[in-house]
Amino acid sequence: TVTYAHAQADTHGSGEVWVQLLAEVTNTGSEPLTLGAADWTVCTPDGTELAVRKGVSAYPQTIEPGEKGWYYDEFTVDTAQTGELAVQYDGDALAASIRAAEQSVRYAVSDVNLKDSVYGGVELTGRIRNDTAEQGRLVCVAAVLLDESEKPLGVVYTVLDSPLEAGAETTFGMSSEMLPPEVKSADIAQVETFAYPLAE
């Protein structure tokens, strides 16, 4: 079930208008699900289409029953329109992109630290540990930033440069300059951090 869908356009850096797209999906079933890439349409409040974003990824890719996943994208648009935007999607196509999970692997995350970046936006660092018996290849670390009411403010993510061996621990660092300019680390009440191998 899509429980939240939102887009916002803001002017960044050299004057370009960037759109941040966020859609929250809740697993209301009884089995783990893998969220496949999905298409989302961003429109002005009056319904004028601004962009169709195809193959948007979700973080994390696999969600347990009762868990939430977040589709996230950031991109430029050739418009002067800024502020709140509307998000549209094809429910049947979205449902078709979601499948039963073949595996659900998560790595332990610790020592998470969030701070404002000197370049704008936020920086997030921490540690992850592979407690499984398998090497982690294409390990993604993603953090969903939530306010006091658990409304998502943005997503930051990275993919480790090298595999994470079984039993090994490593550090990670990631940042985003594309959050709405008014969002600071003090506005972020909760950080949901996930580390997992990307599904093929």
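Calculation notes
- Residue indices begin from 1 for each chain and proceed along its sequence in written order.
- Residue-level local features of this predicted model are given only where pLDDT is at least 70; pairs of side-chain atoms are given and counted only at 80 or more, and the full residue set underlies all totals for whole chains, interfaces and linings.
- The basis for the side-chain values is all heavy atoms of the structure; hydrogens and waters are excluded.
- Note: two strands are recorded as paired if DSSP finds a minimum of 2 bridges between them.
- Strands are runs of DSSP state E lasting at least 2 residues, helices are runs of H or I lasting at least 4, and numbering of each runs from the N terminus.
- An axis is simply a line fitted to the C-alpha atoms; with a helix, the fit covers only the stretch in contact. Between two such axes, the angle follows the N-to-C directions and lies from 0 to 180 degrees.
- Only protein chains enter the accessibility calculation, which uses a 1.4 Å probe. A residue is then buried if its area is under 20% of the maximum for its type, exposed if over 50%, and partly exposed in between.
- Should any heavy atoms of two residues lie within 4.5 Å, those residues are considered in contact.
- We define a salt bridge as a side-chain nitrogen of Lys or Arg found within 4 Å of a carboxyl oxygen belonging to Asp or Glu.

Spatially, β14-β13-β16 is the arrangement adopted by the three strands of the open sheet, whose pairing is antiparallel. Two strands lie at the open edges of the sheet, namely β14 (152-159) and β16 (190-197), each paired on one side alone. Neighbour to neighbour, the strand axes of the sheet diverge by 15° on average, direction disregarded. In this structure, strand β13 (residues 139-146) lies alongside β14, joined through seven bridges in antiparallel fashion. Among the inter-strand pairings, Val144 is bridged to a residue of β14, identified as Val155.

Here we come to the environment of Val122. Its place among the elements puts Val122 in strand β12 (residues 122-129). Note on Val122: relative accessible area 1%, which makes it buried. Each residue touching Val122, except ones within four places of it in the same chain, is listed here: Leu114, Lys115, Asp116, Ser117, Leu145, Met174, Ser175, Ser176, Leu179, Ser185 and Ile188.

This part covers the sheet that holds strand β5 (residues 49-56). Reading across the sheet, the seven strands line up as β5-β4-β9-β1-β2-β8-β6 and stay open at both edges, with antiparallel pairing between neighbours. Every interior strand has two partners, whereas the edge strands, β5 and β6 (58-59), have only one.

Under the defined criterion, the tally for this structure stands at eight salt bridges. Note that Asp39 and Lys54 form a salt bridge whose closest N and O atoms lie 3.8 Å from each other. Of this pair, Asp39 sits in strand β4 (residues 38-43) while Lys54 sits in strand β5; the two residues are 15 residues apart in sequence, bridging distant segments of the chain. Residue Asp39 is classed as partly exposed on the basis of its relative accessible area of 42%. Across the pair Glu123 and Lys115 runs a salt bridge whose closest N-O atoms are separated by 4.0 Å. Lys115 sits in the partly exposed class, given a relative accessible area of 44%. Each of the salt bridges in this network shares a partner with another, and the network as a whole consists of Arg127, Arg129, Asp131 and Glu169.

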